[in-house]
Number of protein chains: 2
Amino acid sequence: MAYELYYWDGIEGRGEFVRLALEQASADYVDVARTAAGTQKMMEYLQGRHGPLKTPFAPPFLRDGETVVSHVANILNYLGPKLKLVPDDEALRTLAHGLQLTIADFVGEVHDTHHPISTADYFEDQREEAKRRTASFLKHRVPKFIGYFNRLIAENPARSGHILDNELSYVDLSLFQVAEGLAYAFPRAMANFDSDYPEVAALREKVRALPAITAYLKSDRHLPFNENGIFRHYPELDQNAG
Amino acid sequence: MAYELYYWDGIEGRGEFVRLALEQASADYVDVARTAAGTQKMMEYLQGRHGPLKTPFAPPFLRDGETVVSHVANILNYLGPKLKLVPDDEALRTLAHGLQLTIADFVGEVHDTHHPISTADYFEDQREEAKRRTASFLKHRVPKFIGYFNRLIAENPARSGHILDNELSYVDLSLFQVAEGLAYAFPRAMANFDSDYPEVAALREKVRALPAITAYLKSDRHLPFNENGIFRHYPELDQNAG
């Protein structure tokens, strides 16, 4: 039976990290909210209509038969072994999951660059605060997070260009999406990305060149970035590279 | 060999969610940063001195022999079966992990009530923004998150007062800490907590009464809340219950 991915229609958002794994593995899946009446089906889960064991707090969530898995990192930890997108070794799987949770924290901070005060209000209602938050994010947080990932790839004993061992993992796919998102949201601030973070930049191109990913990115299953997702391009938040 | 918990000395913070599980299970553990030269030992991991497979992005992390596990939810997912603090059933373990990740998201939002603009700046430098963020948090986010957990406990088919099945889990212990933290940080806003969220309130008292937890809370291993942790009491952020 096909995996069912439930995520808001119309945006890449957090769902994209799951899509990339499913696509790379050529897994059989349905992006439910993009099918007829799919958003309604998703809302029924969120409203608790399928009982407390199948009531995620928020999308994305994945249904695999009778199992409903919530949160990107939990979904990827669940799918990783099935899709052969994580090493078999349990210690490396635990490490991969920790890396994915670090990405999740980073993604949360990306979201808060445009919504530092309240998710219940529009960006335009918190624009000045967003400018200050973004300035701090670009100065402190991007170097800390992306520098961390760059270092781990550089120091991978396998020197494979992947972050873990010799193999492509779901963490690599997620780092591709992070690099893509930063380039979209902050093109000026990321002008030196390739020289500042050469390992992440090389991994990004390596992922982009994977045949299944290349095909996916050209397909209509793939959505472009836009200003409803996590990575948003607001020119007034971007700034010259430091 | 004893588990080694690495977390900043002097605060409950995110480490407390791990401590509660270790204490409830009467596990043999060392709170490393609170031992002589312990913070230095922790920094050596963060600086990468133990190699890329043992370089967490941030505390807390747990060392179990040769395995280093980062992020609260990953640590609890790892410890849960070993400490008998999660059901054996794999689907329930995946569910428990998703619930813990929802708690992690909530804890991140609690942190941002007092640091909405930049973690690199003091609270006093973002006090006005913190007031606005906190107002939105108390109005929208607390009801959404705590109401969600309250509902799941109420609808647990086992009607055990626990969030999962018939048994105490690490998720219950974490919900205790969340309820304690909210009461400390926002005593006025939480005045109606027990009537608004009766299931979570009852669970909180159930956890507090566990002999191992009662003993822990009285011990000098347990730190009080303070204004360096996640849950901080700044009177100007608190407000009357709605």
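About the cut-offs
- Residues numbered from 1 in each chain as written.
- Chains lettered and ligands numbered in written order.
- Predicted model: local features only at pLDDT ≥ 70, side-chain atom pairs only at ≥ 80, totals over all residues.
- Heavy atoms only, no water.
- Helix = DSSP H or I, 4+ residues; strand = E, 2+ residues; numbered from the N terminus.
- Rg over C-alpha atoms; globule rule 2.2 N^0.38 Å.
- Buried < 20%, exposed > 50% of the residue type's maximum accessible area, 1.4 Å probe, protein only.
- Contact = heavy atoms within 4.5 Å.
- Lys, Arg positive; Asp, Glu negative; His and termini not counted.
- Charge placed at Lys NZ, Arg CZ, Asp CG, Glu CD.
- Pairing = 2+ DSSP bridges.
- Axes fitted to C-alpha atoms, helices over the stretch in contact; angles between N-to-C directions.
- Right-handed = clockwise from strand over helix to strand, strands pointing away.
- Least-squares fit on C-alpha atoms with pLDDT ≥ 70 in both.
- Buried area = accessible area lost by both parts, 1.4 Å probe.
- Salt bridge = Lys/Arg side-chain N within 4 Å of Asp/Glu carboxyl O.
- Polar contact = N/O pair within 3.5 Å; in protein donor to acceptor, adjacent residues only side chain to side chain.
- Parallel < 35°, antiparallel > 145°, perpendicular 65-115°, else oblique.
- Nonpolar A, V, L, I, M, F, W, Y, C, P; charged D, E, K, R; others polar.
- pLDDT = per-residue confidence, 0-100.

Caption draft 1: Local environment of the overall build of chain A. In terms of regular secondary structure, chain A is built from nine helices and four strands. Helices and strands in chain A line up, N terminus first, as β-α-β-α-β-β-α-α-α-α-α-α-α. Here the C-alpha radius of gyration of chain A, 18 Å, is about what a compact globule of 242 residues would show, namely 18 Å. Here the C-alpha coordinates of chain A stretch approximately 50 × 50 × 30 Å along the principal axes. Evaluated residue by residue, chain A yields a buried proportion of 59% over its 242 residues. The contacts in chain A between residues at least 6 apart in sequence include a share of 69% that link residues at least 24 apart. Both charge centroids of chain A, one from 26 positive and one from 34 negative side chains, sit 1 Å from each other.

Caption draft 2: The sheet that holds strand E3 (residues 61-64) of chain B, seen in detail. Residues and elements named next belong to chain B. Read across the sheet, four strands follow the order E2-E1-E3-E4 without closing on themselves; strand pairing throughout is mixed. Both edges of this open sheet fall to strand E2 (29-31) and strand E4 (67-70), since each of them pairs with a single strand only. Put simply, the sheet's adjacent strands are angled 20 degrees from each other on average, direction ignored. In this structure, strand E1 (residues 3-6) lies alongside E2, joined through three bridges in parallel fashion. Within E2, the position partnered with Leu5 by the bridge is Asp31. Here helix H2 (residues 38-46) sits on the sheet in contact with E1, E3 and E4, set at roughly 95 degrees to E3. Seen against the sheet, helix H3 (residues 72-83) touches E1, E3 and E4 and runs at an angle of roughly 125 degrees to E4.

Caption draft 3: The arrangement of the pairing of E1 of chain B in detail. All names here are of chain B. On E1, burial covers both faces: Tyr3 and Leu5 on one face and Glu4 and Tyr6 on the other are all buried. In terms of handedness, the path from E1 via helix H1 (residues 15-24) over to E2 forms a crossover that is right-handed. Inspection of the sheet shows E1 paired to E3 by three bridges, in the antiparallel sense. Counted as the bridge partner of Leu5 is Leu62 from E3.

Caption draft 4: Representation of the relation of the copies chain B and chain A in the model. In screw terms, the move from chain B to chain A is a rotation of 180 degrees and a rise of 0.0 Å along the axis, fitting with an RMSD of 0.0 Å. Interpreted geometrically, this transformation is the action of a two-fold axis. Considering only C-alpha atoms, the residue of chain B closest to the rotation axis is Pro116 of chain B, which sits at 2.9 Å. Most of the interface of chain B is mirrored in chain A, where 98% of its interface residues again form contacts.

Caption draft 5: Region of the structure containing the interface of chain B and chain A. Listed per partner, the contact involves 45 residues of chain B and 44 residues of chain A. It is Pro52, Phe57 and Ile117 of chain B that lose the most area in chain B upon contact with chain A, and together they represent 19% of the buried surface on that side. At the junction of chain B with chain A, the criterion picks out four salt bridges. Taken together, the links from chain B to chain A amount to 23 residue pairs in polar contact (both at pLDDT 80 or more). Broken down by secondary-structure element, the contributors of at least two residues to the side of chain B that touches chain A are E4, H3, helix H4 (90-114) and helix H5 (127-155) of chain B.

Caption draft 6: Local environment of the environment of Ala215 of chain B. When you line up the elements, Ala215 of chain B lands in helix H9 (residues 211-218). For the pair formed by Ala215 of chain B and Gln24 of chain B, sequence separation is 191 residues and the distance between their alpha carbons is 9.6 Å.

Caption draft 7: Spotlight on the sheet that holds strand E2 (residues 29-31) of chain A. Residues and elements named next belong to chain A. As summarised here, the arrangement of the four strands in space is E2-E1-E3-E4, forming an open sheet in which the pairing is mixed. Both outer strands of the open sheet, E2 and strand E4 (67-70), are each paired with one neighbouring strand and no more. Each adjacent strand pair in this sheet contributes to an overall mean axis angle of 20 degrees, direction not counted. Its contacts with the sheet put helix H3 (residues 72-83) on strand E1 (3-6), strand E3 (61-64) and E4, and the angle it makes with E4 is roughly 125 degrees.

Caption draft 8: Representation of the packing of H1 of chain B against H3 of chain B. Residue and element names in this part refer to chain B. At a closest axis distance of 10 Å, the pairing of H1 and H3 adopts a crossing angle of 5 degrees. On the basis of the axis angle, H1 is roughly parallel to H3. For the pair formed by H1 and H3, the contact residues are Phe17, Val18, Ala21 and Leu22 on the first element and Val72, Ile75, Leu76, Leu79 and Leu83 on the second. Tallied by class, residues from the contact of H1 with H3 come to nine nonpolar, no polar and no charged.

Caption draft 9: Layout of the environment of Leu95 of chain B. Relative to the helices and strands, Leu95 of chain B resides in helix H4. A sequence separation of 11 residues divides Leu95 of chain B from Phe106 of chain B, and the C-alpha atoms of the two residues are 17 Å apart. In contact with Leu95 of chain B, not counting residues within four places along its chain, are Leu53 of chain A together with Leu164 of chain B.

Caption draft 10: Local environment of the side chain of Glu16 of chain A. Residues and elements named next belong to chain A. Here Glu16 is to be found in helix H1 (residues 15-24). A relative accessible area of 1% means that Glu16 is categorised as buried. Beyond its immediate chain neighbours, meaning those up to four positions away, Glu16 contacts Gln177, Tyr216 and His222.

Caption draft 11: Main features of the confidence of the model for chain A. Per-residue pLDDT for chain A averages 97, and the proportion of residues at 70 or more is 100%. Across the interfaces of the predicted complex, the ipTM metric reaches 0.97, alongside a pTM of 0.98.

Caption draft 12: Spatial organisation of H1 of chain A. Residue and element names in this part refer to chain A. A large share of H1 lies buried, amounting to nine of its 10 residues. Of the positions making up H1, those classed as buried are Gly15, Glu16, Phe17, Val18, Arg19, Leu20, Ala21, Leu22 and Glu23. Those residues of H1 hidden inside the fold are in contact with E1, E2, H3, helix H4 (90-114), helix H6 (170-185) and helix H9 (211-218). Phi for Ser26, located one or two positions after H1, is positive at around 50 degrees.

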